[in-house]
Amino acid sequence: MAFHVDRHEKHALKLPDRLVAAPALTVHDAANRNQPRRFELTMRMMQGMINGRRFDGTHVADDEIVDLNSVEVWEFDNRSMLPHPMHVHGLQFLVLQRSQARGSMGWGGLDEGHVDEGWHDTVLVMPGERVRILLAFRDYSGLYLYHCHNLEHEDNGMMRYYKVNV
Ligand SMILES: [Cu+2]
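Worth saying up front: this structure is predicted, and the values here are computed from it rather than measured.

(A) Quick look at the overall build of the chain. When its secondary structure is counted, the chain shows one helix and 10 strands. Listing every helix and strand of the chain by position from the N terminus yields β-β-β-β-β-β-β-β-β-α-β. In terms of overall dimensions, the chain has C-alpha extents of about 60 × 40 × 35 Å along its principal axes. Across the 166 residues that make up the chain, the buried fraction comes to 26%.

(B) Up close: the sheet that holds strand β5 (residues 84-88). The sheet built from five strands is open, its strands ordered β3-β10-β9-β5-β7 with mixed pairing. The open sheet has two edge strands with one neighbour each: β3 (65-67) and β7 (122-125). The mean inter-strand angle of the sheet, taken between neighbouring strand axes irrespective of direction, is 25 degrees. Where β3 and strand β10 (residues 159-165) come together, three bridges link them in parallel fashion. Looking at β10, one finds that valine 66 is bridged to valine 164.

(C) Seen up close, the pairing of β5. Across the two faces of β5 the burial differs, with His84, Met86 and Val88 buried and Pro85 and His87 not buried at all. Bridge count for β5 against β7 is four bridges, and the pairing is antiparallel. Bridge pairing in β7 links methionine 86 to valine 123. In terms of strand pairing, β5 meets strand β9 (residues 142-148) through three bridges, oriented antiparallel. Each bridged residue has a counterpart across the sheet, and for histidine 87 the counterpart in β9 is histidine 147.

(D) A look at the sheet that holds strand β4 (residues 70-78). Across the sheet, which stays open at both edges, the five strands sit in the order β2-β1-β4-β8-β6 with mixed pairing between neighbours. Of all the strands in the sheet, the pair left with one neighbour each is β2 (47-50) and β6 (94-100). Pairwise comparison of adjacent strand axes, ignoring direction, gives a mean angle of 20 degrees for this sheet. Sheet topology places β4 next to strand β8 (residues 129-137); eight bridges connect them, and they run antiparallel. Among the inter-strand pairings, serine 70 is bridged to a residue of β8, identified as phenylalanine 137.

(E) Just the nonpolar core, in detail. By size, the foremost hydrophobic cluster in this structure holds 28 residues, and its most contacted members are Phe76, Val125, Ile133 and Leu134. Mapped onto this core, the elements with two or more residues apiece are β1 (37-44), β2, β4, β5, β7, β8, β9 and β10. Top element by residues in this core is β8. It accounts for five residues. Apart from residues no more than four positions distant in its own chain, valine 125 is found in contact with Leu41, Phe76, Asn78, Pro83, His84, Met86 and Val131.

(F) Summary view of the environment of asparagine 165. Checked against the element boundaries, asparagine 165 lands in strand β10. Since 12 C-beta atoms lie within 10 Å of it, asparagine 165 is described here as exposed. Separated by 28 residues in sequence, asparagine 165 and phenylalanine 137 place their C-alpha atoms 9.6 Å apart. Not counting residues within four places of it along the chain, the set of residues in contact with asparagine 165 comprises Ile65, Val66, Asp67, Leu68 and Ser141.

(G) Summary view of unusual backbone geometry. One non-glycine residue with positive phi stands out, namely asparagine 51, at about 50 degrees. Tracing the backbone shows asparagine 51 in the loop between β2 and β3.

Reading guide: rules and limits
- Residues numbered from 1 in each chain as written.
- Predicted model: local features only at pLDDT ≥ 70, side-chain atom pairs only at ≥ 80, totals over all residues.
- Helix = DSSP H or I, 4+ residues; strand = E, 2+ residues; numbered from the N terminus.
- Buried ≥ 20, exposed ≤ 12 C-beta atoms within 10 Å, placed from the backbone.
- Pairing = 2+ DSSP bridges.
- Axes fitted to C-alpha atoms, helices over the stretch in contact; angles between N-to-C directions.
- Core = buried A, V, L, I, M, F, W, Y, C linked by C-beta atoms within 7 Å.
- Contact = placed C-beta atoms within 7 Å.

Shape is all these values report; function is a separate question.
This is the structure we're talking about:
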């Protein structure tokens, strides 16, 4: 494809002096800060599972229902031999903590390259690792997906809905 530019356009766009303030959120806002909602990530014959379940349309299990206007800590526990970039729809979250529950399984050192500051919509959970995140379910109720963003894994079942209840 070739582009032929035949006129010059001016624009009056300007960056704002101040960006939107990020909403303050700390682990103390979470009612379950000492008992995270847990999600075990497992693989069996390349079939991905979250808490032993595979994708099941819009069906949500009891432990996949949260309350509107609540703040929660979730923990992804990777019990498989593969990394899982876990993506949560409908919001952005903070990464609180990583721990190597079952050793680094050979990837030790890579963890120093993880950038956990700031707002995320996806967090990489390495094999044997537990990662805790902080989520605020504000503004919107309804059904939202959460899943591994590795195409082979999400297409093989490692995707579920969670529900924000009014
Ligand atoms: Cu995965």
